[in-house]
Amino acid sequence: MAGFTPISPEQGAGIIREGGLVAFPTETVYGLGADAFNPRAVARTFQVKERPLFDPLIVHVAEMGDLDALAHGLSHLASRLIEAFWPGPLTLVLPKRDTVPHIVTAGLETVAVRMPAHQVALQLIRLSQRPITGPSANLFGRISPTTARHVHDQLGDRIEGILDGGPCRVGIESTIISLADPAQPEILRAGGVSVEEIRDVIGPVRIPHGRGGPVQAPGMLLNHYSPGTPLRILEGHQKAPSGGCRAGLLAFKSPGNSQGYEAVEVLSREGDLQEAAANLFAALHRLDGAGLDLILAEPVPRRGLGLAIMDRLERASAK
Ligand code: TXA
Ligand code: MG
C-alpha cells in the first residue's frame, strides 16, 4: 500500500496509553480507538471524524472485568446475551458507572459496550490495559471501513496509526440492544447479530421502527452511511437510466440483466445474506470511486442480516 505502513498492536497500545488515536480491525468494521477513560483523547475522535458531540460512542472490552468498570447492575437478560454472543457483533446499552466520562456517552446515563470477536482488537485492548472507544473509523455520515485501506483513505493523515487485520468478516456494524430497562429490551440498531438470533435467546424484544428499521440510537440519523454518489433503491423491474447518466448497479445476486450500467457489484452470487453483508461496504466504496452519477441498489430480503443491509441502504439513499 503506497504511503501506508500498518503499526503493531504493541505500538498501538503505546499510542492509546499516551492519549493518541489508533484505528483497529474488528469483525464488523474498523474502529477509531481511544482510551475510554481519557476525555481529551475521546474528544479528539469526535474532531477527527467530524462527528457531532451528541452521538455517543461504543466502548470495546476484552474481559468481563473491563465491563464491570463501565456498567453496573447486569441484569439476567444481559448475562444471557453476553453468554450467547460475546465476543461478537452485539453491543449492549447498560446503566453506566459515574467514572465513565460524559463525552463517551454524550451525557446519557447509559453506556454502550461490546467485546469484539477479533484477535487484533482484543490484543490491543489487553495491551493498552483499558477499555477502548471505537466509533467506525470513517468521516461522520460516510461509508464505514471494512479494510485498513478504507481507513487510510479517509483518516490516514489525521490519526497516529492503523492496525491491519485484513477485511472484516461480518462487514456490517454490531447490533445495538438497549437493556436500560431490563423489562423492555429494545433493538436500537440492526446489525451483525440478527433479530431472530436474539429472540431465540431472550424471547420477545421491541424494535421501534422508523422507515426501514430501528432509529433510536442517537447517532442513527437518516442520511448515514452515505457514499458521495447519490444512491437509490431499485423498485420492481426498473431499467438502467439512460440519457447520459452514468449509473452503477449494486446487485444482491447474479443480475439477470446488467445492460446499461457502467459498473456492477454483486453482493453474493448465491444470494447469501451473510456474504452480502460482508461485501456491502467494500462494494459501495468501489462504486463510489468509479466516477458515477448514480448508484442503483437492489433490495434484499428483510430477514436475518438482510434487515441490517436494508437499514444501511435506506440511510445511504436518504440525502
Ligand atoms: O460494529 C460496531 O459497533 C462498530 C465497531 C468499530 O465496533 N462501531 C460502531 O460505532 O459502529 P459507531 O460510533 O459508528 O456507532 C455507534 C452507535 C451510534 O449510533 C450511537 O448513537 C450508538 O451506537 N450509541 C452509543 N452509545 C449509546 C447509548 N448509550 N445509548 C444509545 N445508543 C448509543
Ligand atoms: Mg459509524
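Bear in mind that the values here come from a model prediction, so they are computed numbers and not experimental data.

Working note: non-glycine residues mostly have negative phi, and peptide bonds are mostly trans. Cis peptide bonds are those with omega within 30 degrees of zero, and the linkage from Trp-86 to Pro-87 qualifies with -10°. Position of Pro-87 among the secondary structure elements: in the loop between helix H4 (76–85) and strand E4 (90–95). Of note in this structure, Ala-106 is not a glycine but carries a positive phi near 55°. The phi torsion at Gln-129 lies on the positive side, around 60°, for a residue other than glycine. Along the chain, Gln-129 turns up in the loop between helix H6 (119–128) and strand E6 (132–133). For Gln-129, a relative accessible area of 62% corresponds to the exposed category.

With that settled, the discussion passes to the domain arrangement of the protein. What the domain assignment lists for the protein is domain 1 (9–202) and domain 2 (231–317). A straight line from the C-alpha centre of domain 1 to that of domain 2 covers 28 Å. The partner domain 2 presents 15 residues to the 21 residues of domain 1 that form the contact. Buried area between domain 1 and domain 2, summed over both chains or domains, comes out near 1300 Å², and the portion from carbon and sulfur atoms is 64%. Of all residues in domain 1, Ile-143, Ile-172 and Ala-190 bury the most surface against domain 2, accounting for 40% of the area lost on that side. If you look at where domain 1 meets domain 2, you find two salt bridges.

Looking at helix H1 (residues 9–17), one finds that the buried residues are Pro-9, Gly-12, Ala-13, Ile-15 and Ile-16. The buried residues of H1 occupy an angular sector of 160° when the element is viewed end-on, so they sit on one face. Packing partners of the buried residues in H1 comprise strand E1 (22–24), strand E2 (31–35), H6 and E6. In the stretch just after H1, Gly-19 is the one whose phi turns positive, near 90°.

What follows is about the packing of H4 against helix H8 (residues 195–202). If you want to describe how two helices pack, look at the angle between their axes and the distance between the axes. Close contact between H4 and H8 brings their axes to 10 Å; oriented N to C, the two are set at 125°. In terms of axis orientation, H4 runs oblique to H8. Our pair here, H4 against H8, has a crossing hand that is right-handed. Contact with H4, carried on its side by Leu-77, Arg-80, Leu-81, Ala-84 and Phe-85, involves Glu-197, Ile-198, Val-201 and Ile-202 of H8 and no other residues of that element. Considering only residue class, the contact of H4 with H8 consists of seven nonpolar, no polar and two charged.

The buried fraction of E4 is high, at five of six residues. Where E4 lies against strand E8 (residues 175–178), four bridges are found, and the strand directions are parallel. Within E8, the residue paired with Thr-91 across the bridge is Ile-176. Inspection of the sheet shows E4 paired to strand E5 (residues 110–114) by four bridges, in the antiparallel sense.

Right, let's talk about the pattern of salt bridges for a bit. What the rule picks out here adds up to 16 salt bridges. Note that Arg-158 and Glu-50 form a salt bridge whose closest N and O atoms lie 2.9 Å from each other. Here Glu-50 lies in the loop between helix H2 (39–49) and strand E3 (58–60) and Arg-158 lies in the loop between helix H7 (148–155) and strand E7 (161–162), a separation of 108 residues in the sequence. Arg-149 is paired through a salt bridge with Asp-153; the nearest N and O atoms lie 3.4 Å apart. Of this pair, Arg-149 and Asp-153 are both found in helix H7, four residues apart, which corresponds to roughly one turn of the helix. Since its relative accessible area comes to 52%, Asp-153 is described here as exposed. One network of salt bridges, with partners in common, ties together Glu-173, Asp-311, Arg-312 and Arg-315.

What counts, and where the lines are drawn
- Residues numbered from 1 in each chain as written.
- Chains lettered and ligands numbered in written order.
- Predicted model: local features only at pLDDT ≥ 70, side-chain atom pairs only at ≥ 80, totals over all residues.
- Heavy atoms only, no water.
- Helix = DSSP H or I, 4+ residues; strand = E, 2+ residues; numbered from the N terminus.
- Buried < 20%, exposed > 50% of the residue type's maximum accessible area, 1.4 Å probe, protein only.
- Domains from an automatic or database assignment.
- Contact = heavy atoms within 4.5 Å.
- Buried area = accessible area lost by both parts, 1.4 Å probe.
- Salt bridge = Lys/Arg side-chain N within 4 Å of Asp/Glu carboxyl O.
- Arc of directions from axis to C-beta.
- Axes fitted to C-alpha atoms, helices over the stretch in contact; angles between N-to-C directions.
- Parallel < 35°, antiparallel > 145°, perpendicular 65-115°, else oblique.
- Left-handed = near helix turned anticlockwise from the far one by under 90°.
- Nonpolar A, V, L, I, M, F, W, Y, C, P; charged D, E, K, R; others polar.
- Pairing = 2+ DSSP bridges.

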